[in-house]
Amino acid sequence: MISTGTRSKIEAEMERYPQKRGALLPALYLVQAEHGYVSSDTVRELAEIMGLHPVEVMEVVTFYNLFFDRPQPRHHASVCTNLPCSLRGARVLLAQLEEHVGSKVGEPTDDGRLVLGHEECLGACAFAPMMRVDDAYHEDLDLEHAKSILDALE
Amino acid sequence: MLKVPHVTSYLTEHFAEDAFGTLAGYEKKGGYAAARKALTEMAPGDVIELVKASGLQGRGGAGFNTGLKWSFMPADSDVPKYLVCNADESEPGSFKDRILLERSPHQLLEGILIAAYAVGACTTFIYIRGEYSFPADQVERAVAEAYDQGHLGPNVLGSGFRHDVVVHRGAGAYICGEETGLLESLEGKKGQPRKKPPFPAQVGAFGMPTTVNNVETFCHVPYIVNRGAEWFRGFGTEASPGTTLFGVSGHVVKPGLFELPLGTPLSEIVFEHAGGIAGGRKVKGVIPGGMSMPILPAGQLDVPMANESLRERGTMLGTGGIMVMDETTCMVRVGCVISYFFRDESCGQCTQCREGTGWLNKIMNRIERGAGQSEDLGVLLDIAAKMEGQTICAFADAAAWPVQGLLRHFRADFEEHVRLGRCPFTASFEL
């Protein structure tokens with residue numbers, strides 16, 4: 001269920017756009033902040049609030065990388081593996097981090113704490129290698145530093 | 001502090017000072033004087049003419065004349081007109097807009113105000129890629145400050161001009177940097193680009209006339225208004241005036257952000273400003289303008305970094321993201337990384353792109369693992385040719401060009417893989 005607090009924030013977002021559908025991305029962020037992902041029940045509920053068909057919401061959820069249609073581990077840690085970062089060792093770093101956390105890219109750790117990923121360019125090319133952990137960038141990484149960042153996640 | 005090596009000119013002059021990111025700090029350096037001047041002393045048409053005369057080219061990749069773009073907006077209109085700031089920076093190798101958003105959100109807002117006044121826009125949507133959480137926070141803070149001080153809202157700077165700004169966060173899709181993909185996304189849809197015409201100046205955001213400009217493009221505007229078109233033309237080349245922000249990454253001693261006049265030789269940027277190749281190795285190739293732009297070999301780095309000269313070498317300035325590769329680099333691996341990116345990011349709308357990006361990547365991977373056939377090189381070029389210019393947006397071109405560039409200048413690397421049945425570049429970066 002979308003809480004009344006989140007619902008009123010969504011309604012406020014709808015006021016900011018010339019057409020209320022413009023608020024769909026902000027609304028999905030709000031829903032995801034509340035539930036951690038966007039379930040199919042939530043899709044129907046949000047569609048109702050915004051006057052959309054559920055499929056119009058669902059196709060947006062699945063189009064964008066930052067929306068999730070299933071429950072997620074507590075943290076996402078993604079190493080950029082695009083060319084500028086790869087030239088500076090990002091793929092080696094990622095393989096070492098897989099070993100360190102004992103889980104492959106895309107496979108959450110058993111305790112549900114963390115999933116490692118790889119990202120395309122995150123706009124940190126002069127600070128390579130780098131990783132994005134939840135919303136924060138960590139740049140100019142070496143293995144020890146990267147490990148300590150992951151170890152500190154609860 | 002800006003934490004990378006950098007060279008500054010007018011745009012980044014105060015980037016070492018954190019206070020420049022605040023409204024008070026920005027005004028202390030003369031900020032918002034250009035907006036005051038434009039909104040109170042100039043007619044909208046005069047602003048457009050001034051920017052046209054300055055020769056400012058869009059800094060988002062295409063390099064179109066900014067003032068000319070503004071002039072496409074209907075002057076008399078009984079419907080609302082919108083301005084959009086494209087801050088969906090996602091071109092691999094590019095990070096200049098992120099630095100501008102983080103270090104100088106008010107410089108951006110001032111450029112937006114002047115542009116909005118020139119084209120008669122009531123609202124600007126700043127579309128920031130979803131991964132840029134910290135930059136978006138900085139812009140939201142700056143927008144709140146600007147409303148608080150009356151620099152935005154019903155009576156901007158006391159001029160009687162009304163303007164609102166909405167900060168809109170994307171959600172992770174490269175294609176939303178394409179201006180009509182961005183507009184679809186802004187409207188709450190999948191970011192699939194639109195067929196043109198109609199162009200956004202006729203039918204843009206929410207069906208209304210809309211101008212879309214890149215972050216850096218807006219940032220140049222206050223300086224042009226304050227100091228004039230002639231002053232601006234004092235930087236750069238005749239056809240490409242002004243400075244731009246070159247982001248240098250890869251195998252250099254000092255990766256960083258360098259504000260230099262357009263037309264600065266690529267070799268000067270790589271060997272002087274970025275300190276040359278790390279480890280005393282030699283350069284092998286350089287991508288001059290973000291990953292969509294064809295690579296240049298070591299022998300062609302004398303090229304001036306401006307579109308008119310880069311086009312003669314079969315490439316373009318793009319977003320000014322310079323990626324440097326040393327002599328150990330396997331260019332087939334480079335092809336694997338690039339083609340994977342475009343395969344991953346194709347929106348899937350056009351067949352040539354959806355299928356073509358997949359095949360380019362499969363064949364690149366096959367060659368790299370030693371299973372390539374000698375015909376594969378021709379097949380890559382055939383696919384690239386059938387993607388280029390055949391689709392709704394330029395994404396397919398952007399996927400085809402780097403492959404063509406690699407085969408134009410580094411065909412021997414590909415042939416060697418096929419001949420040996422393995423990758424001969426044992427010291428190359430790991431895939």
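Further remarks concern the overall build of chain B. Broken down by element type, chain B carries 17 helices and 10 strands. Over its C-alpha trace chain B gives a radius of gyration of 22 Å, about what one expects of a compact globule, namely 22 Å for 431 residues. Principal-axis analysis of the C-alpha atoms places the extent of chain B at approximately 70 × 45 × 35 Å. Carbon and sulfur atoms form 51% of the exposed surface of chain B, whose accessible area is close to 14,600 Å².

Further remarks concern the pairing of strand S2 (residues 114-119) of chain A. All names here are of chain A. The element S2 is extensively covered by neighbouring structure, given that five of its six residues are classed as buried. Pairing of strand S1 (residues 75-80) with S2 involves six bridges; the strand directions are parallel. If you follow His75 over to S2, its bridge partner there is Leu114.

Residue and element names in this part refer to chain B. Each assigned domain of chain B is listed with its residue range as follows: domain 1 (17-233), domain 2 (243-326) and domain 3 (331-420). The gap between the C-alpha centroids of domain 1 and domain 3 is 35 Å. Summed over both partners, the interface of domain 1 with domain 3 comes to about 820 Å²; 71% of that surface belongs to carbon and sulfur atoms. Put simply, domain 1 and domain 3 have zero salt bridges between them. The interface formed by domain 1 and domain 3 contains three residue pairs in polar contact (both at pLDDT 80 or more). Classifying every residue of the side of domain 1 that touches domain 3 gives five nonpolar, three polar and four charged.

Once that is clear, we can look at the sheet that holds strand S4 (residues 164-169) of chain B. All names here are of chain B. Spatially, four strands are ordered S4-S3-S2-S5 in an open sheet, and the strand pairing comes out parallel. Each edge of the open sheet carries a strand with a single partner, namely S4 and strand S5 (210-214). On average, adjacent strands in this sheet sit at an angle of 20° to one another, irrespective of strand direction. Of the strands in this sheet, strand S3 (123-128) and S4 are in contact with helix H7 (residues 133-148), which crosses S4 at around 165°.

So, about the state of the cysteines. All names here are of chain B. Applying the stated criterion across every chain, the model contains zero disulfides over all chains. Here Cys393 stays unpaired: no disulfide links it, and the sulfur of Cys347, its closest cysteine neighbor, is 6.4 Å away. With a relative accessible area of 12%, Cys393 lands in the buried category.

Take the packing of aromatic side chains next. In this structure the tally under the stated criterion is 24 aromatic pairs over all chains. Aromatic pair Tyr17(A) and Phe206(B): ring centres 6.5 Å apart, planes at 55°, arrangement tilted. One end of the pair, Tyr17(A), is in the loop between helix H1 (4-15) and helix H2 (24-35); the other, Phe206(B), is in the loop between helix H8 (179-186) and S5, on a second chain. When sorted by exposure, Tyr17(A) lands in the same class as Phe206(B), which is buried. Taken together, the aromatic side chains of Tyr10(B), Tyr223(B), Trp231(B), Phe232(B) and Phe235(B) make up a single cluster linked through ring pairs. Sitting above the plane of the Tyr132(B) ring, Arg129(B) keeps its charged end 5.3 Å from the centroid. A cation over a ring is seen here: Lys362(B) above Trp359(B), with NZ or CZ 4.2 Å from the ring centre.

Quick notes on the rules
Residues numbered from 1 in each chain as written. Chains lettered and ligands numbered in written order. Predicted model: local features only at pLDDT ≥ 70, side-chain atom pairs only at ≥ 80, totals over all residues. Heavy atoms only, no water. Helix = DSSP H or I, 4+ residues; strand = E, 2+ residues; numbered from the N terminus. Rg over C-alpha atoms; globule rule 2.2 N^0.38 Å. Areas by Shrake-Rupley, 256 points an atom, 1.4 Å probe, with all protein chains shown as cover. Buried < 20%, exposed > 50% of the residue type's maximum accessible area, 1.4 Å probe, protein only. Pairing = 2+ DSSP bridges. Domains from an automatic or database assignment. Buried area = accessible area lost by both parts, 1.4 Å probe. Salt bridge = Lys/Arg side-chain N within 4 Å of Asp/Glu carboxyl O. Polar contact = N/O pair within 3.5 Å; in protein donor to acceptor, adjacent residues only side chain to side chain. Nonpolar A, V, L, I, M, F, W, Y, C, P; charged D, E, K, R; others polar. Axes fitted to C-alpha atoms, helices over the stretch in contact; angles between N-to-C directions. Contact = heavy atoms within 4.5 Å. Disulfide = S-S within 2.5 Å. Phe/Tyr/Trp six-rings, centres within 6.5 Å; stacked < 30°, edge-to-face > 60°. Lys NZ or Arg CZ within 6 Å of the ring centre and 35° of its normal.

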